[in-house]
Amino acid sequence: MNDKERVAHHAAQQIKEGMLVGLGTGSTANYFIEELARRRREEGLRVSVVSSSVVSAIKAQSLSLPLLGIETINRIDVYVDGADEVTPDLTLLKGRGFDLVREKLLARAADQFWVLIDPSKRVDRIGANYPIPIEVMPFAWQMVKRNLELLGGRGDLRQTANKDGLVMTSYGSLVLDMVFDAVLDSRTLNNLLNNTPGVVEHGIFRNLASVVLCVIDGQVVEQRTC
Ligand code: 5RP
């Protein structure tokens, strides 16, 4: 069992009867979905789920998890997802899966947000390993890009894996992947991006994680504060 699988199984064991569970997106979230489905199948665990992306919805459906539409709910018990970066104050960078609107909605709607990582995701500052994903309205991307360049950002629209087109989110946004100077801390950057017209959502998740679960030397360690 690899670290992602181990932490995902640990999280799935904490899910209680009757919970409404938000499903994240990505390889770690997939392990969690599979283990939750196994518990439902083999242990009769009664849960409902809501997904953060089309991808995780299809996965949940294929495993016969009872899936609710996000438009039918206004809160959930727990949201369980991975992250690309986590700082010591539990600020997250997310969005390689590029459905940021649903991910942040679920993180905010959840009584608890459990973040599952392996040690490679730990960083000193947001943006250390990855650019910041920024969802933009298609007609606004050039203006948004210029505004972000005036703040010192560099980057461009995200391309598809084989570079023959642009990535588009489920709801029709384009994604700018932008790198910023280290002088802009995540709090400042979060505020700047929240206040940039044309930005639909971005990958900095501040003050949303309840707990980060990380595998260290084969053991799952919980971090609530640093
Ligand atoms: C998707 C995400 C993922 O949670 C993040 O990319 C981590 O993925 P993985 O579990 O595959 O390492 O933010 O938008």
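### Section: the overall build of the protein
Regarding its fold elements, the protein presents six helices and 14 strands. Taking 2.2 N^0.38 as the reference for a compact globule, 226 residues should give roughly 17 Å; the C-alpha atoms of the protein span a radius of gyration of 17 Å, in line with that estimate. In terms of its C-alpha atoms, the protein occupies a principal-axis envelope of roughly 55 × 35 × 35 Å. Across the protein, contacts joining residues at least 24 apart in sequence account for 73% of those joining residues at least 6 apart. Within the structure as shown, the protein displays about 10,800 Å² of accessible surface, and the carbon and sulfur contribution to it stands at 50%. For the protein, the distance from the average site of its 26 positive side-chain charges to the average site of its 28 negative ones is 2 Å.

### Focus: helix α1 (residues 3–13)
Of all the residues in α1, the buried ones are V7, A8, A11 and A12. All buried residues of α1 fall inside an arc of 140 degrees around its axis, so they share one side. Buried positions along α1 lie against α2 (27–43), β4 (76–81), β7 (110–117), β13 (211–216) and β14 (219–223). Taking the backbone nitrogen of K4 as reference, a side-chain oxygen 3.1 Å away marks N2 as the first, capping residue of α1.

### Considerations on the environment of T160
Note that T160 resides in the loop between β9 (154–157) and β10 (174–179). Excluding its chain neighbours within four sequence positions, the residues that come into contact with T160 are G165, L166 and V167.

### Some thoughts on the site of the ligand
Within the structure, the ligand sits among 16 residues, and S27, T28, D84, E103 and K121 are positioned closest to it. In this structure, S27 approaches the ligand through a side-chain N or O atom, which is 2.5 Å from an oxygen atom. A distance of 3.2 Å is found between an oxygen atom of the ligand and a side-chain nitrogen or oxygen belonging to D81. If the ligand stood free it would expose 380 Å²; the protein chains cover 91% of that surface. Of the residues contributing to the shell around the ligand, the split by class is two nonpolar, seven polar and seven charged.

### Details of the packing of α1 against α2
Geometrically, a packed helix pair is captured by the angle between its two axes and the distance between the axes. Following both chains from N to C, one finds α1 and α2 inclined at 45 degrees, their axes separated by 8 Å at the closest point. Considering the angle they form, α1 stands oblique to α2. Helix-helix and strand crossings are classified by hand; for α1 and α2 the assignment is right-handed. Residues K4, E5, V7, A8, H9, A11, A12 and Q13 of α1 pack against S27, T28, Y31, F32, E35, L36, R38 and R39 of α2. Considering only residue class, the contact of α1 with α2 consists of seven nonpolar, four polar and five charged.

### Topic: the sheet that holds strand β11 (residues 199–202)
Taking strand neighbours across the sheet as the criterion, the four strands line up as β9-β10-β8-β11 in an open arrangement whose pairing is antiparallel. With one partner strand each, in any of the chains shown, β9 and β11 form the two edges of the open sheet. Sheet twist, expressed as the mean angle between neighbouring strand axes with direction ignored, is 25 degrees. Across four bridges, β9 lies against β10 in antiparallel orientation.

### A short note on the sheet that holds strand β6 (residues 92–93)
Sheet strands pair via backbone hydrogen bonds, and the direction of the pair is either parallel or antiparallel. Read across the sheet, three strands follow the order β5-β6-β12 without closing on themselves; strand pairing throughout is antiparallel. Whereas interior strands pair on both sides, the edge strands pair on one side only; in this sheet they are β5 (85–86) and β12 (204–205). The sheet contact formed by β5 and β6 spans two bridges and is antiparallel. The partner of V86 across the bridge, within β6, is L92.

About the criteria used
Residues numbered from 1 in each chain as written. Predicted model: local features only at pLDDT ≥ 70, side-chain atom pairs only at ≥ 80, totals over all residues. Heavy atoms only, no water. Helix = DSSP H or I, 4+ residues; strand = E, 2+ residues; numbered from the N terminus. Rg over C-alpha atoms; globule rule 2.2 N^0.38 Å. Contact = heavy atoms within 4.5 Å. Areas by Shrake-Rupley, 256 points an atom, 1.4 Å probe, with all protein chains shown as cover. Lys, Arg positive; Asp, Glu negative; His and termini not counted. Charge placed at Lys NZ, Arg CZ, Asp CG, Glu CD. Buried < 20%, exposed > 50% of the residue type's maximum accessible area, 1.4 Å probe, protein only. Arc of directions from axis to C-beta. Polar contact = N/O pair within 3.5 Å; in protein donor to acceptor, adjacent residues only side chain to side chain. Near = heavy atom within 4 Å. Nonpolar A, V, L, I, M, F, W, Y, C, P; charged D, E, K, R; others polar. Axes fitted to C-alpha atoms, helices over the stretch in contact; angles between N-to-C directions. Parallel < 35°, antiparallel > 145°, perpendicular 65-115°, else oblique. Left-handed = near helix turned anticlockwise from the far one by under 90°. Pairing = 2+ DSSP bridges.

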